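Structure at a glance
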Amino acid sequence: MSFFRWLEQVGITSHPGGWAATERLLALLKLKPDDLAVELGCGFGRTLSYAAKEFSVQVVGVDLMPALASKACDRLKREKLRGFTVAADICRLPFRDETFTVAWAESVFVFLPKPEAFLEAARVLKPNGRFGIVELTWRDEPHPDYCEQTREFLGVERYEVLTVQEWVAMLRSAGFAVEFAEKMPSHAPPSPLHRWLSDFWDLARLGFGLARQLPAKRWLEGAREIVNLYRYTVPAVFIAIKAG
Ligand SMILES: C[S@@+](CC[C@H](N)C(=O)[O-])C[C@H]1O[C@@H](n2cnc3c(N)ncnc32)[C@H](O)[C@@H]1O
């Protein structure tokens, strides 16, 4: 079973950098109430709802896993926010060219065939549309075996961590001008206590849920994956603008 099926069964998603990365990303995207925004790989919809509530922006969430897309949609409805979600593949988005003024993704492109996915994000954005991502990069030097081990463990063939320069090159080759690229200090950067606690709570529930999906004989591998994630990688935030 792939990582995304596990996430779907647990019903909780997360991303490196937690709330601190989300707040940085959304602030840099300068969301306005007249934006039409799409979140690519919205998971269970925490950031989607937060963006809609905090910035009064109209949102569309996309996730490959139907149960996660539906959970994100329920959350929007429950909180009476403007928006909806769609279960779809980012590499084949069910939207017309130049639909959105802004798009973002948190810990999603690391799992995708990157050139295709970036081109698709560019296609659905209007000229001068803003695009932001939080994605994994190397803490120091690229580690020779980390990606292969992780691909095997997660069952996600296209998983690949890039250097900051490689992420920037990917964005540029899809027609974006990169305005901002910054590594975060760690996977759990400082944030207000209530935010930090909510990250901790989500991660604890996610970890417990994933451990229950995994056969006991693979728990050691899972623990090694978590240690290596923290040891070799950190998240980075990128902001790019589609050519006008
Ligand atoms: C690590 S989770 C992050 C979810 C969410 N951004 C968050 O921070 O909670 C990655 C998400 O990407 C979604 N995903 C993976 N491949 C996808 C694809 N090809 N198209 C759409 N969503 C995809 C997964 O289902 C999962 O919800």
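I will try to describe carefully the structure that is included in this document. (Residues numbered from 1 in each chain as written. Predicted model: local features only at pLDDT ≥ 70, side-chain atom pairs only at ≥ 80, totals over all residues.)

1. Section: the overall build of the chain
Broken down by element type, the chain carries nine helices and seven strands. Computed over C-alpha atoms, the radius of gyration of the chain comes to 17 Å, within 12% of the 18 Å expected from 2.2 N^0.38 for 244 residues, which places it in the range of a compact globule. With the principal axes as the frame, the chain shows a C-alpha extent of 50 × 40 × 35 Å. Split into buried and exposed, the 244 residues of the chain put 40% on the buried side. Here the analysis covers contacts within the chain between residues at least 6 apart in sequence; of these, 78% occur between residues at least 24 apart. (Helix = DSSP H or I, 4+ residues; strand = E, 2+ residues; numbered from the N terminus. Rg over C-alpha atoms; globule rule 2.2 N^0.38 Å. Buried ≥ 20, exposed ≤ 12 C-beta atoms within 10 Å, placed from the backbone. Contact = placed C-beta atoms within 7 Å.)

2. Re the site of the ligand
Around the ligand sit 22 residues in total, of which Thr13, His15, Gly41, Gly43 and Leu64 are the nearest. Those elements that provide at least two residues to the shell around the ligand are α1 (3-10) and β2 (58-63). Class assignment for the residues of the shell around the ligand results in 12 nonpolar, six polar and four charged. (Near = placed C-beta within 6 Å. Nonpolar A, V, L, I, M, F, W, Y, C, P; charged D, E, K, R; others polar.)

3. A word on the sheet that holds strand β7 (residues 233-242)
Strands pair in a sheet through their backbones, by hydrogen bonds, and they do so in one of two ways: parallel or antiparallel. With mixed pairing, seven strands are arranged side by side in an open sheet as β3-β2-β1-β4-β5-β7-β6. Of all the strands in the sheet, just β3 (83-87) and β6 (176-183) have a single pairing partner and so form its edges. Strand after strand, the sheet turns through a mean of 15 degrees between neighbouring axes, direction not considered. Inspection of the sheet shows β6 paired to β7 by seven bridges, in the antiparallel sense. If you follow Ala177 over to β7, its bridge partner there is Ile241. Sheet contacts for helix α7 (residues 164-173): β5 (125-138), β6 and β7; angle to β6, the most-contacted strand, approximately 160 degrees. (Pairing = 2+ DSSP bridges. Axes fitted to C-alpha atoms, helices over the stretch in contact; angles between N-to-C directions.)

4. Observations regarding the pairing of strand β1 (residues 36-40)
For β1, a buried count of four out of five residues is recorded, marking the element as mostly surrounded by other parts of the structure. For the segment spanning β1, helix α3 (residues 46-55) and β2, crossover handedness is right-handed. In this sheet, strand β4 (residues 100-106) lies alongside β1 in parallel orientation, the contact comprising three bridges. Each residue of the ladder has a partner; that of Ala37, found in β4, is Val102. (Right-handed = clockwise from strand over helix to strand, strands pointing away.)

5. Focus: the nonpolar core
If you look at the biggest cluster of nonpolar residues, it comprises 63 residues, and the most contacted ones within it are Ala37, Ala103 and Ala121. It is helix α2 (residues 18-29) that provides the largest number of residues to this core, a total of six residues. Excluding its chain neighbours within four sequence positions, the residues that come into contact with Ala37 are Leu31, Ala51, Val57, Gln58, Val59, Phe100, Val102 and Ala103. (Core = buried A, V, L, I, M, F, W, Y, C linked by C-beta atoms within 7 Å.)

6. Side note on the environment of Gly222
Structurally, Gly222 is set in helix α9 (residues 219-232). According to the C-beta neighbour criterion, Gly222 is partly exposed, with 15 such atoms within 10 Å. Separated by 69 residues in the primary sequence, Gly222 and Phe153 have C-alpha atoms spaced 7.7 Å apart. Every residue in contact with Gly222, bar those within four places of it in the chain, is listed here: Ala211 and Leu214.

7. Brief notes about the packing of helix α5 (residues 114-124) against α7
Where α5 contacts α7, the two axes come as close as 9 Å, and the packing angle between them is 50 degrees. Considering their axes alone, α5 and α7 lie oblique with respect to each other. You can see that α5 and α7 cross each other, and the crossing is right-handed. Judged by residue contacts, Lys114, Pro115 and Phe118 of α5 engage Met170, Leu171 and Ser173 from α7. By residue class, the composition of the contact of α5 with α7 is four nonpolar, one polar and one charged. (Parallel < 35°, antiparallel > 145°, perpendicular 65-115°, else oblique. Left-handed = near helix turned anticlockwise from the far one by under 90°.)

8. Observations regarding the packing of helix α6 (residues 146-154) against α9
Packing of α6 against α9 leaves a shortest axis separation of 11 Å and a crossing angle of 140 degrees. Judged by the inter-axis angle, α6 sits oblique to α9. Considering only the axes of α6 and α9, their crossing is left-handed. Contacts from Tyr146, Thr150 and Phe153 in α6 reach Glu221, Glu225, Asn228 and Tyr232 in α9. For the contact of α6 with α9, the class distribution of residues is three nonpolar, two polar and two charged.

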